[in-house]
Amino acid sequence: MGSPGQILQAHRDSLLLWTKPNPAPLLRWLRDDGVLSHVQYLSLLERSPSNAVAAALEAVRGREEASRGFLEVLREVQGYYCEELQAWAERHCGGAVPDRTAEPTPVCEEEKKKEKGSFAKIFKSKCKGFKVPQEKKGAIPDSKLKPRLSVKQSNLRVPLMAHKKTLLNQTERLTSHSEGGGMVSNSHSHIEIRYTDLFVTEDNEEFESSQHEYFSLASRRARIYAHQDCQRIQPCHLLSKQRATGCPPKRVKVKGIAGIGKSVAMQRIVYEWALGKTMRDFVCVFDLRFRELNLVTGPVSLSGLLGSRFRYLAPVLPQLLGSTGSLLFILDGLDEFKHRLDWDAPDRAIGVDSEVPVSELVVALVKGSLLPEVSVILTSRPSTDAPKRFFQRCCVVLGFEEAQVEEYTSKFFKDTQVASRVYGYIVGNDSLFVLSFIPLYCYIICTALAEFFTGGRENGHGGEGGDRDGSQSLELNPPRTVSEVYYCYLYTAIKHHALRGTSNSSVSKSEVFSIVRAQLTSLGKLAYENLLRSKIMFDRADLESFGLEPREVRSTFLSQILVPVEEEKVEMFAFFHLTVQEHLAALYCAVNLSSPEHILGGLEFWCFGQPLPSAAPPLLLAPDFRSDQTRVENLQMFTRFFMGLVRARLGNQLTGMEPVPLDKEDLLSQLGVWFKTQFKGRELSNQTALNLLHCLTELHTEEVAKAVAPEIKSLNLFKMKLSVVDCAALYYVLQFSPHRLEELNLGYSNIGNRGLRRLGPILHRCESLYLRYNCLDRDAAILESAILKSGDCQVKKLFMCGNSLGSEGVRELWLALEENSTVEELYLDITGITEGGTENMVNCLSKNSTLKTLTLVGNEIGEAGKDRLRELRRLRPGLRVIGNFVDDLGLLQAYLDWVEELRADRDQMDSVRNVDALQSVLKGLRVAGAHGEGQNAQKAKELETKILQLLETPT
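Residues numbered from 1 in each chain as written. Predicted model: local features only at pLDDT ≥ 70, side-chain atom pairs only at ≥ 80, totals over all residues. Heavy atoms only, no water.

Caption draft 1: Focus on the overall build of the protein. Scanning the protein from N- to C-terminus turns up 42 helices and 16 strands. Put simply, the protein has 955 residues, and 58% of those count as buried. A separation threshold of at least 6 residues defines the contact pool for the protein, and within that pool the share at least 24 residues apart is 77%. When the accessible surface of the protein is summed, it comes to about 39100 Å², and 49% of that surface belongs to carbon and sulfur atoms. (Helix = DSSP H or I, 4+ residues; strand = E, 2+ residues; numbered from the N terminus. Buried < 20%, exposed > 50% of the residue type's maximum accessible area, 1.4 Å probe, protein only. Contact = heavy atoms within 4.5 Å. Areas by Shrake-Rupley, 256 points an atom, 1.4 Å probe, with all protein chains shown as cover.)

And the structure:
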């Protein structure tokens, strides 16, 4: 028979022929068994199927142990291949495979009682826990166990293997929107190469947000990520055991904004299951997308639905559905479902053969009134949610963390030096850095930057020969703002389309835009009018009504922008991300509004919902538009894109698109007046004020910013969760102000040290500076100390309460106050000061003559610290020092009001919990209460009671 190596070489050509249709299982199991290294495995995925297996055979040639491992793997994965290979494996690999049977992992008694179906014993190992348990010495890892079907169930083997092979073909590649929205064949699209893990955590949110979903996500990340208040979950562990019960959840909800990676995570789960590498306690996984369910008309039964969707399983569906404890349903994209779901409708008896409306079928499956023993994972955007009471685990996808952004960048670019340069550029740019945490944004950023970092401008894929349009700024410099990133992404797409089939790479930008002007205008009109209607899905008739040929969606550059959602009966279309629709809508308006008056009228409409004047151009309103169809909150990203594209138009970056040129000086002058009026004479909400600052940043014109900045006398962004991009927008505008800022209130904004550093150059001009509960630490105290020492410091009131400054940080503040001559009030409640933090306090503050109020309540400064406070009072009789809560009635009332705020505001409560502020207050009250009487003591007792009640209230 020969050695393993001789067997493989003798049958090499046959093995290549048999494995060519689907080499993935063989290659992956070779890697996991150590026959191939991870580097070898990834390199093989870049080859054609036959070349990949040939290279794998070559890798083990001359290595008998590796050849033996190759034969063992062939025996394990034979079911994925043709009958010829299976017969061959039985003849040549029969004695080579060790017994991989392992004892099943113990499961909880509750689960044992539920396992009544015939498939409960199919698998020899059970689902891993939330934290994967350590394997017993000598045991075979779960990833290497191959489920075995009993003789009674052997008729399932062929249809289930057909199911797995089908799923592998459907899920092994990631969609690349740069190649027409299809499943492309370039190597970097393979899921094993491109997939990057996500930041997924338990979701405890109860409130609803009216913000644009990107800004809601930014707020959520700012709160959770800065607090590190999360339990990270790998997508493959969504159904792992819960700590509280020790049992896996049956219903799991996963929510996240568009482009955050929900569907890709589900694709990865299905791919891994089909390979036999994860969630092995499930005999069968049914992945259903709500886009597909939209096509179901009339009543349908579950068995009928599954039989039509998975035809090769139809003969065995009754047997599968009779053992529901081993089935997993993945319902992906609830937000795309067109039918209303009645979660409060009374349950009624529904069986797998009961024909009901598809919406009722979905509700019954999620609630558990239909097949309660099956496991269900439901994904949705936050705007379309299912009640939490039906789920045992609720998770939220927050995108990438910084390490994953670097990993994604390294996977996107083959050249490691290019990847390093691109990642360095992203990290160094606040706007791009924050965007990159959303996977789809990261893809767009990498696509846009590729033109500037991969030599594209030399080989004709990015720059202009001779700069015939005078547009060097964007050609020579990589994009800095969000608008510029999307502009570069769009231009990359349309330029590749316009130059397709030609060797001329020196076509000017204006010529490129001229070629695609008609199609881009139609696409932009479709995007804008439907953005006003909050519509994101389009059918063939929709496209045709805007002059778009559906076939062009596939055959022209439009496929770069639109993703066809192709199903069996109906073809639907959608922009592959909401922000792409917003950007194209903004482009349509930016190039077609022909006068400053029209642009200002548009801004009034988009930013404030103001009725348009009768002379407004018709393009600003969609036909049959109703004002209640649009919320201004939903147009914030659109307005930022619009201002960035106005800048591009004024910089001659859209020549070839615009029907008539704009008078640059006149427009900038009128924009300056308009923005100045908003800050001077209009009562602005926090969110609106922030959006206007972002609009000014995207416009990025010093002339306008200088006109507006002096009118911003104070800025109150209290409890607005601010990212570093928001801080950058604040800095960009306020840097042009020639005078002091009366008040900058950033309380409970979670800006962190990075945000504070971004604002650093302007903080010395803030007369009243509120930085309470901002996840700041010692480094922030050192930065603030430098500000207080500066000769042009104008800070009079400084609020640093609820930040973990610590004793070392506070000692730096005392040193700064020794030199400072402006600060009159300093609030350091609950900042982690211990006795060591008071060591230099008396020496420094006794030399200060301007400080009038100092609060230190909620800190454990010890007896020595209290002695130093008394000494400070003696040396500075004009300084009001509040070290105990009972010292000041006004302070007690302020804390009572604060507790009421916490009761009503979950965001604020999260910030307070992060530093154990309530416990710190309780400690301070109890110490002070032992020595106080009268009205102050009574008020202190009231505060203590309310805090205890708040702590006992369920979250």
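Moving on from the coordinates now.
Caption draft 2: Here's a closer look at the nonpolar core. Core analysis: the biggest nonpolar cluster contains 226 residues, and Trp606, Phe642, Leu671, Trp814 and Leu828 have the highest contact counts within it. Top contributing element to this core by residue count: helix α20 (residues 439-453), with 12 residues. Excluding residues within four positions of it along the chain, Trp606 makes contact with Tyr528, Cys589, Leu593, Leu620, Val632, Leu635, Phe638, Thr639 and Phe642. One finds Leu313, Phe329, Leu370 and Val376 within the second-largest nonpolar core, a separate group that totals 44 residues. (Core = buried A, V, L, I, M, F, W, Y, C linked by side-chain atoms within 4.5 Å.)

Caption draft 3: Spotlight on the confidence of the model for the protein. Mean pLDDT for the protein: 81, with 81% of residues reaching 70 or above. Predicted confidence for residues 206-210 stays below pLDDT 50, and this span has seven contacts to residues more than four positions away or in other chains. Confidence over residues 456-475 falls short of pLDDT 50; this stretch has 47 contacts with residues more than four positions distant or in other chains. (pLDDT = per-residue confidence, 0-100.)

Caption draft 4: Structural context of the sheet that holds strand β11 (residues 741-745). Sheet architecture is open: seven strands sit in the order β10-β11-β12-β13-β14-β15-β16, paired in parallel fashion. At either margin of the open sheet sits one strand with a lone partner, and together these are β10 (714-716) and β16 (880-882). Each strand of the sheet is rotated relative to its neighbour by a mean of 10 degrees, with strand direction disregarded. As judged from the three bridges shared by strand β13 (residues 797-799) and strand β14 (residues 825-827), these two strands associate in the parallel manner. (Pairing = 2+ DSSP bridges. Axes fitted to C-alpha atoms, helices over the stretch in contact; angles between N-to-C directions.)

Caption draft 5: Spotlight on the side chain of Asn803. Locating Asn803 in the fold gives a position in the loop between β13 and α36 (806-819). A polar atom in the side chain of Asn803 sits 2.8 Å from the backbone nitrogen of Asn774. If we skip the residues at most four places from it in the chain, Asn803 touches Leu771, Arg772, Tyr773, Asn774, Cys775, Leu776, Ile830 and Thr831. (Polar contact = N/O pair within 3.5 Å; in protein donor to acceptor, adjacent residues only side chain to side chain.)

Caption draft 6: Main features of the sheet that holds strand β6 (residues 393-397). Pairing in this open sheet of six strands is mixed, and the strands run β1-β6-β2-β5-β4-β3 from one edge to the other. Each end of this open sheet is capped by a strand with a single partner; those strands are β1 (200-202) and β3 (284-289). In this sheet, neighbouring strand axes are inclined to one another by 20 degrees on average, regardless of whether the strands run parallel or antiparallel. Pairing between strand β2 (residues 251-255) and β6: four bridges, direction parallel. Within β6, the position partnered with Val254 by the bridge is Cys395. Lying over the sheet, helix α12 (residues 262-274) contacts β2, β3, β4 (327-332), β5 (375-380) and β6, oriented at roughly 155 degrees with respect to β4.

Caption draft 7: Highlighting the packing of aromatic side chains. Taken as a whole and judged by the stated rule, the model has 33 aromatic pairs. Between Phe400 and Tyr408 the ring centres are 5.6 Å apart and the planes differ by 40 degrees, which places this aromatic pair in the tilted class. Overall, the relative accessible area of 6% leaves Tyr408 in the buried class. With centroids separated by 5.7 Å and ring planes inclined at 55 degrees, the aromatic side chains of Tyr425 and Phe453 adopt a geometry described as tilted. Of this pair, Tyr425 sits in helix α18 (residues 416-428) while Phe453 sits in helix α20, and the two are 28 residues apart along the sequence. By relative accessible area, which is 11% here, Phe453 ends up buried. Through pairs of rings, three or more aromatic residues link up here, namely Phe400, Tyr408, Phe412, Phe413, Tyr443 and Tyr489. The aromatic ring of Tyr491 is capped on one face by Lys509, whose charged end is 5.0 Å from the ring centroid. Here the basic side chain of Arg682 rests over the ring of Phe608, its NZ or CZ set 3.5 Å away from the ring centre. (Phe/Tyr/Trp six-rings, centres within 6.5 Å; stacked < 30°, edge-to-face > 60°. Lys NZ or Arg CZ within 6 Å of the ring centre and 35° of its normal.)

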